Amino acid sequence: MLQTAALILAAGKGTRMHSDKPKVLQTVLGEPMLRYVLEAVRPVFDGRVLVVVGHQAGMVEAAFPEASFVHQEQQLGTGHALMQAMPALEGQCERVLVVNGDTPLLSEDVVRHFVEASEGADLAFATIELDDPAAYGRVVRAADGSVRAIVEAKDYDPALYGPEPHEVNAGMYCVRLDLAARLLPRIGNANKSGEYYITDLISLAVAEGCKVQGVQCGRDESLMGVNSPLELSRSEEFLREHVVDGLLRSGVMLHAPALVRISPLATVEPGAEITGPCEIYGRSVVRRGARIDSHCVMRDTVIEAGAEIRSFCHFEDAHVGEAALVGPYARLRPGAVLEEASHVGNFVELKKSRLGKGAKANHLTYLGDSEIGAGTNIGAGTITCNYDGKHKFKTTIGEGAFIGSNTALVAPVRVGDGALVGAGSVITKDVPDGEMGIARGRQKNLPRKSV
Ligand code: UD1
Ligand code: CA
């Protein structure tokens, strides 16, 4: 078997998206399209994967720090993109799988199947059947069924090629590197787009008598390209339904399956329950017996077994422990960790803070850069003043402490185990274990002025 590497084409502008963001960074269920293509390709090629970037290359590189990139300074077409990658490929492999970066539904299975089916061909490409060939490249075959060419939609002339076929080019190719090296310099740009098309390799290879194969993948949606907001939303809906269907079949209780958006990268265990519209993105994990009420949004968050999340909560990179209770209207930002059976109530925000076992912060509170011991009660309106405009400082509160309402904890500061802070205090000095800290103006009662 020839040593094969993969090349993902992701340098294009994506003009039809009408967005400043590079097309491959447009998201499908919370992930940039390119992530799906990388995930589908990586396991098949064991790390030998290159990505061609050009338009807003820096943004794409920043989004995938672990990937390897090749630059296409000017986006002169898909053939030109492959040409730019040739120096990086030569010496690394004997054959290259080239795939468009705008195919977010691509799966590992489809890639494997295609690579296997391409075995023995000098040049192979995947085709799909569409009722409306739309803007896809048309596959032109001879009477005996052998491939003659791919002709782009704009350049298709029925007088030359016959009636429009329903078989179109899916944008995935497998080509011997020596053949690509020989043919690429012969691709021209005398076409309606003025671009160097990778698809021109097909007719050139046919003319040389090479073995060229169109691998028919039928009506496989996983090869749909995304070029416009309409196509993006169709692909996203297709994937969304697929994920939801799989979860329901596995035993997840979804009460509003049409209204949940769950990333295929997330894990929701059988026996978890989601009662209404929700968004669960990234590598989130929702364990068995956890319940999430409607209108919660989370990314890269773990909800442990038996936790209860009430409506309208936001989570990012947070961890909610077993049987914890959150919301409604809570916000857990990166580094928020709720230990077992802790409670976070309405209008409470946590960032880089740990709430110990059974601790409670039930109302109107900000806890940033803090450590709160088990069983401690944080009163309504407590604020950790963790930032002096330049630096962040830590607040530590021991176990079994009680922080009175409307307290400002000016960090760095420590409130000890079993300590109590009087309501309305501005705490700037440590409160030792078991002591009471109170820091507020004394109340004076004066006679009312007579009118
Ligand atoms: C391409 C194919 C078409 C096929 C369709 C499948 C060509 C000429 N046409 O058309 O036959 O049916 O995909 O979806 O290839 N890109 C670069 N550099 C460039 C131009 C594009 O890296 O200079 C990248 C884009 O970022 C994109 C991919 O190549 O990920 C495909 O480009 P796009 O412009 O979307 O091609 P289509 O018109 O969809
Ligand atoms: Ca495309």
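Remember, predicted model here, so these are calculated numbers, not experimental data.

A look at the overall build of the chain
The helix and strand tally for the chain stands at eight helices and 37 strands. The globule rule puts the C-alpha radius of gyration for 451 residues at 22 Å, and the 29 Å found for the chain is more than 25% above it. Relative to its full complement of 451 residues, the chain shows a buried share of 50%. Pairs at least 24 residues apart make up 42% of the contacts formed inside the chain by residues separated by at least 6 positions.

Focus: the site of ligand 1
As a structural note, the neighbourhood of ligand 1 is formed by 26 residues, with Leu9, Gln72, Thr78, Glu152 and Asn169 the closest of them. The side chain of Arg16 places a nitrogen or oxygen atom 3.2 Å from an oxygen atom of ligand 1. Between an oxygen atom of ligand 1 and a main-chain N or O atom of Gly77, the distance comes to 2.8 Å. For ligand 1, whose accessible area on its own is 750 Å², the fraction buried by protein is 91%. At the level of secondary structure, the elements contributing two or more residues to the shell around ligand 1 comprise α3 (78-89) and β10 (167-176). Per-element tally for the shell around ligand 1: the top contributor is β10, with four residues.

Digging into the pairing of strand β4 (residues 49-53)
Along any regular strand, the residues point their side chains to alternate faces of the sheet. Burial of β4 is extensive: five of the five residues sit out of reach of the surface. Both faces of β4 are covered, namely the face carrying Val49, Val51 and Val53 and the face carrying Leu50 and Val52. Sheet topology note: the strand β1 (residues 4-9)/β4 ladder contains four bridges and is parallel. Opposite Leu9, over in β4, you have Val52 as the bridge partner. Read as a crossover between parallel neighbours, the route from β4 over helix α2 (residues 57-63) to strand β5 (residues 68-71) is right-handed.

Structural notes on the pattern of salt bridges
Pairs can form between side chains of opposite charge once their charged atoms are near each other. A complete count under the given rule lists 27 salt bridges for this structure. The partner of Arg138 in a salt bridge is Glu164, with the nearest N and O atoms 2.5 Å apart. Of this pair, Arg138 sits in strand β8 (residues 138-141) while Glu164 sits in the loop between α5 (158-161) and β10, placing them 26 residues apart in sequence. A relative accessible area of 6% places Arg138 in the buried class. Taking the shortest distance from any N to any O, the salt bridge between Glu269 and Arg287 comes out at 2.8 Å. Of the two residues, Glu269 sits in the loop between β14 (267-268) and β15 (273-274) while Arg287 sits in the loop between β17 (285-286) and β18 (291-292), which places them 18 residues apart along the sequence.

Conventions and cut-offs
Residues numbered from 1 in each chain as written. Chains lettered and ligands numbered in written order. Predicted model: local features only at pLDDT ≥ 70, side-chain atom pairs only at ≥ 80, totals over all residues. Heavy atoms only, no water. Helix = DSSP H or I, 4+ residues; strand = E, 2+ residues; numbered from the N terminus. Rg over C-alpha atoms; globule rule 2.2 N^0.38 Å. Buried < 20%, exposed > 50% of the residue type's maximum accessible area, 1.4 Å probe, protein only. Contact = heavy atoms within 4.5 Å. Near = heavy atom within 4 Å. Polar contact = N/O pair within 3.5 Å; in protein donor to acceptor, adjacent residues only side chain to side chain. Areas by Shrake-Rupley, 256 points an atom, 1.4 Å probe, with all protein chains shown as cover. Pairing = 2+ DSSP bridges. Right-handed = clockwise from strand over helix to strand, strands pointing away. Salt bridge = Lys/Arg side-chain N within 4 Å of Asp/Glu carboxyl O.

Nothing here speaks to function; it is geometry throughout.
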